[in-house]
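# Commentary on secondary and tertiary structure
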Amino acid sequence: MAEVSLKHINKKYPNGFEAVKDFNLDIADGEFVIFVGPSGCGKSTTLRMVAGLEDISGGELIIGGTLMNDVEPKDRDIAMVFQNYALYPHMSVKENMEFPLKIAKMPQAEIDQRVAEAAKTLGLENLLDRKPKALSGGQRQRVAMGRAIVRNPKVLLMDEPLSNLDAKLRGQMRVEISRLHEKLGATTIYVTHDQTEAMTLGDRIVVMSDGEVQQIDSPQNLYDSPANKFVAGFIGAPQMNFLDAVIKEANGKVYVSTCGDDIALSDAKAAKLKAKGYKNGDEVLIGIRPEDLYDEEEVIAKFPDSIATGKVDVYEMLGSTANLYVDFGGNQLTATVSPDTPARVGDTIKLALDNNKIHVFDKSTEKNILVDVDPVTGKVIVD
């Protein structure tokens, strides 16, 4: 296995378009790192530069202590699993898996051993004689993974490997990929646009937008302490609620006033807001996750100074939870509540905001005022 280091990597095309801008990341030996973001954010381009399938316009790519910028893909000791499987249709499963080893002129006895081990790991022993057209999507993806891992590469790259599978199969394959990484311990870079995959698989997640890194952190830190509005809105489903607000100080407390209601901040958040230089009358943007809104009377009683009142527009039953889409002063608030809620469409209800979970963003920069980010690592500094 190997460490991977990307130092000030960028990708600029002849037409002037800059797909990746000043990308910096150090990946530890054996770490599982996810690149996530919307389509066109630069995540696949970055992965392809690591693989050698895209030229690097600037910066340094180092794998296992060796500069790789001008090294041919075949000499980088990496393996890649593609979105479309990229299997040879005329070859059997066994022939597909052993192909890269034959190209490397490995002795047949060792090829047979490696293929057998990979087939056992991935549950393919009974499928070795089949052609790809006789396999399901999940089986084809396992074959593609098998072809990659038989090489024992220093780095394993995966480019949206589950995007062609249905929802149930994606869930099953996530578990298999997680188990595979635990067993192999390979340094892995995995690209996806699916934040559920990112949150469940990665040791660390790199969130990208418009070619730039927005935040690099653990899944939990990304969720609890997003560095900016983009990360806050991208991570989490349903996505975070955002409301324009004005800071208001009264009776020794700090409030964020929005849509006619004054929402009190916790003492810790109020102190941090003031320490950052924000004061009475300043405009900000507040965020609150749907699961941090409550309609139960006992919870409302705990947060008497953090209440929003609105009318239910849509009621959505999901089984274990229910989503309420509430008109709040012309803005929509989404609340994920107990399925036992009595609220229905047309009801005017009160929602308590957990004031320990309110996020406050600068109106112009959209940075999270209540968190500090290390400028070198991009990681949120947790108090």
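Structure report, in brief. What you see is a predicted model; the values in this text were computed from it and never measured. (Residues numbered from 1 in each chain as written. Predicted model: local features only at pLDDT ≥ 70, side-chain atom pairs only at ≥ 80, totals over all residues. Heavy atoms only, no water.)

Below, the discussion takes up the sheet that holds strand β16 (residues 307-317). Hydrogen bonds along the backbone pair up the strands of a sheet, which may run parallel or antiparallel. Within the open sheet, the 5 strands sit side by side as β15-β19-β16-β17-β18. Their pairing is antiparallel. Each of the sheet's edge strands pairs with one partner strand only, and the pair in question is β15 (293-294) and β18 (331-337). Two elements, strand β17 (residues 322-328) and β18, share 7 bridges in a ladder whose sense is antiparallel. In the strand pairing of β18, V326 is matched with L333. (Pairing = 2+ DSSP bridges. Helix = DSSP H or I, 4+ residues; strand = E, 2+ residues; numbered from the N terminus.)

With the rule as written, the count across this model stands at 6 aromatic pairs. Here the guanidinium or amino end of K229 rests over the ring plane of F242, the centre of that ring lying 5.2 Å away. (Phe/Tyr/Trp six-rings, centres within 6.5 Å; stacked < 30°, edge-to-face > 60°. Lys NZ or Arg CZ within 6 Å of the ring centre and 35° of its normal.)

Strand order in the open sheet formed by 6 strands is β6-β7-β8-β3-β9-β10, and the pairing between neighbours is mixed. If you trace the sheet from one side to the other, it starts and ends with β6 (78-81) and β10 (212-217), each paired once. Ignoring which end each strand starts from, the neighbouring axes of this sheet average 15 degrees apart. Looking at chain direction, strand β3 (residues 32-36) and strand β8 (residues 187-192) are connected through 5 bridges and run parallel. Within β8, the position partnered with V33 by the bridge is I189. Across the sheet, helix α4 (residues 137-149) is in contact with β6 and β7 (155-159); its angle to β6 comes to roughly 175 degrees. (Axes fitted to C-alpha atoms, helices over the stretch in contact; angles between N-to-C directions. Contact = heavy atoms within 4.5 Å.)

Another point: the nonpolar core. The biggest cluster of nonpolar side chains holds 42 residues, and the ones touching the most others in it are I34, M97, M145, I177 and Y190. Not counting the four nearest positions on each side in its chain, Y190 is found in contact with F32, V33, I34, F35, M158, P161, L162, I177, E197 and L201. Among the nonpolar cores identified, the runner-up in size contains 31 residues, and I247, V256, I288 and V337 belong to it. (Core = buried A, V, L, I, M, F, W, Y, C linked by side-chain atoms within 4.5 Å. Buried < 20%, exposed > 50% of the residue type's maximum accessible area, 1.4 Å probe, protein only.)

To continue, consider the side chain of S209. Following the sequence through the fold, S209 ends up in strand β9 (residues 204-209). The exposure class of S209 is buried, given its relative accessible area of 12%. Contacts of S209, omitting those with residues within four sequence positions, involve C41, Q214 and F230.

Okay, helix α1 (residues 43-51) next. For the α-helix, the turn length of 3.6 residues means that residues three or four positions removed from each other point alike. Taking burial as the measure, the 9 residues of α1 include 7 buried ones, the bulk of the element. For α1, every residue scored as buried is listed here: K43, T45, T46, L47, M49, V50 and A51. Just downstream of α1, G52 is the residue with a positive phi angle, here 90 degrees.

This brings us to the pattern of salt bridges. Counting across every chain of the model gives 18 salt bridges. Across the salt bridge formed by E176 and R142, the nearest N and O atoms sit 3.4 Å from each other. Here the residue E176 occupies a position in helix α5 (residues 167-184), and R142 occupies one in helix α4, the gap between them amounting to 34 residues. Measuring nitrogen to oxygen at the nearest pair gives 3.6 Å for the salt bridge that ties K279 to D282. Through salt bridges with shared partners, one network takes in K11, R48 and E54. (Salt bridge = Lys/Arg side-chain N within 4 Å of Asp/Glu carboxyl O.)

A few words on the pairing of β16. Where β16 and strand β19 (residues 348-353) come together, 5 bridges link them in antiparallel fashion. Counted as the bridge partner of A308 is L351 from β19. Examined bridge by bridge, β16 and β17 share 6 bridges and lie antiparallel to one another. Across the sheet, residue V314 finds its bridge partner in β17, namely Y325. Where β16 hands over to β17, the hairpin turn is made up of 4 residues, of which G319 adopts a positive phi near 100 degrees.

As a further point, take the packing of helix α2 (residues 93-103) against helix α3 (residues 108-122). The relative placement of two packed helices comes down to the angle between their axes together with the axis-to-axis distance. Running from N to C, α2 and α3 cross one another at 135 degrees; their axes reach a closest spacing of 10 Å. It follows from the interaxial angle that α2 and α3 lie oblique. The element α2 and its partner α3 pack so that their crossing is right-handed. Residues K94, M97, E98, L101 and K102 of α2 form the contact with α3, whose own contacting residues are Q108, I111, D112, R114, V115, A118 and A119. Taken together, the residues that form the contact of α2 with α3 break down as 6 nonpolar, 1 polar and 5 charged. (Parallel < 35°, antiparallel > 145°, perpendicular 65-115°, else oblique. Left-handed = near helix turned anticlockwise from the far one by under 90°. Nonpolar A, V, L, I, M, F, W, Y, C, P; charged D, E, K, R; others polar.)

What follows deals with the pairing of β7. Burial runs high along β7: 5 of the 5 residues are buried. By the alternation rule, side chains of β7 split into V155, L157 and D159 and L156 and M158, which are all buried. Looking at chain direction, β6 and β7 are connected through 4 bridges and run parallel. If you follow V81 over to β7, its bridge partner there is M158. Here β7 runs beside β8; their pairing, made up of 5 bridges, is parallel.

Turning our eyes to something else, we now look at unusual backbone geometry. At the junction of A237 and P238, the peptide bond is cis and its omega measures out at -5 degrees in the coordinates. With respect to the secondary-structure elements, P238 resides in the loop between α8 (229-234) and β11 (241-250). The backbone of H8 shows a phi angle near 55 degrees, a positive value even though the residue is not glycine. Relative to the assigned elements, H8 resides in strand β1 (residues 4-12).

Any functional reading would require information beyond the geometric quantities listed.
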